[in-house]
Amino acid sequence: MTLILIAEDEHRISAFVQRGLESAGYSTEVVDDGARALERALDGDVDLVLLDVGLPTMDGFEVLRHIRGQGSSIPVIMLTARGSTRDTVEGLDAGASDYVAKPFKFDEVLARVRSRLRENVSTGATAIAYGDVSLDILARRATVTGREVDLSAREFALAEQFLRNPGQVLSREQLLSRVWGMNFDPGSNVVDVYVRYLRGKFGHDRISTVRGAGYRWE
Ligand code: CA
């Protein structure tokens, strides 16, 4: 049975999420502090973590960094404060799979949980190559003509989208939903910022800006 760890120190919220997930057929476990969340997330029997940002002993970002630092790719959905772009960006940079902003409706949580669990099962191909660029999906390594390029988790996910669709124009909205997995504020410039990072690492000419449409990997 799928086990979901709920790391949340507000009892009202954890009880509400727990009730919903259990009636949707999942097993759950609730922890109310960061150190304990980290310990349980790394134990191996947990399938997905719902991780609150504000937790005692160790905050959610720190927990997440430790999880990723240990090489775990367990799906982690952050519970952030609504409207806090800083929370969102920091969480995603630290390797979160997704986020749900508080206050949320249970259905939003359930939709994210289902989609992240599905993704984790159907990862598909383990390596993608186009021209002299290749990505090893499992090892999360990128190389250009055999030289390794150091990418953050989010840069890697964006590069993956481009390499799966070379020569095609990808709109900002497509990239936001595929890489950031959510209805990010459409006014956000996060895609542009990350395209700039990738250009810096792979070479400026690899990604063209198609005015009014999006970006294309050349
Ligand atoms: Ca909290």
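Residues numbered from 1 in each chain as written. Predicted model: local features only at pLDDT ≥ 70, side-chain atom pairs only at ≥ 80, totals over all residues. Heavy atoms only, no water.

Comments concerning the nonpolar core
- Formed by 54 residues in total, the largest nonpolar core has its most connected members in L51, M78, L158, F162, W180 and F202.
- Per element, the largest residue contribution to this core is 7 residues, and it comes from helix α8 (residues 190-202).
- Built from parts of two domains, this core gets at least three residues from each of domain 1 (3-122) and domain 2 (127-217).
- Apart from residues lying up to four places away in sequence, L51 is in contact with A7, A37, G60, V63, L64, V76, I77, M78 and L79. (Core = buried A, V, L, I, M, F, W, Y, C linked by side-chain atoms within 4.5 Å. Buried < 20%, exposed > 50% of the residue type's maximum accessible area, 1.4 Å probe, protein only. Helix = DSSP H or I, 4+ residues; strand = E, 2+ residues; numbered from the N terminus. Domains from an automatic or database assignment. Contact = heavy atoms within 4.5 Å.)

Describing the coordination of the calcium ion
- Distances from the calcium ion to its protein donors, namely D9 (OD), D52 (OD) and G54 (O), fall within the range 2.1 to 2.3 Å.
- Positions of the donor residues of the calcium ion, expressed as sequence spacing, correspond to D-x42-D-x1-G. Within this pair, whereas D9 is found in the loop between β1 (3-7) and α1 (11-23), its partner D52 is found in strand β3 (residues 48-52), the two being separated by 43 residues in sequence. (Donors = N, O, S within 2.8 Å, 3.2 Å for Na, K, Ca; no water.)

Comments concerning the environment of P75
- In this structure, P75 sits in the loop between α3 (60-69) and β4 (76-81).
- Each C-alpha atom of the pair P75 and E119 lies 9.2 Å from the other, and the pair is 44 residues apart in sequence.

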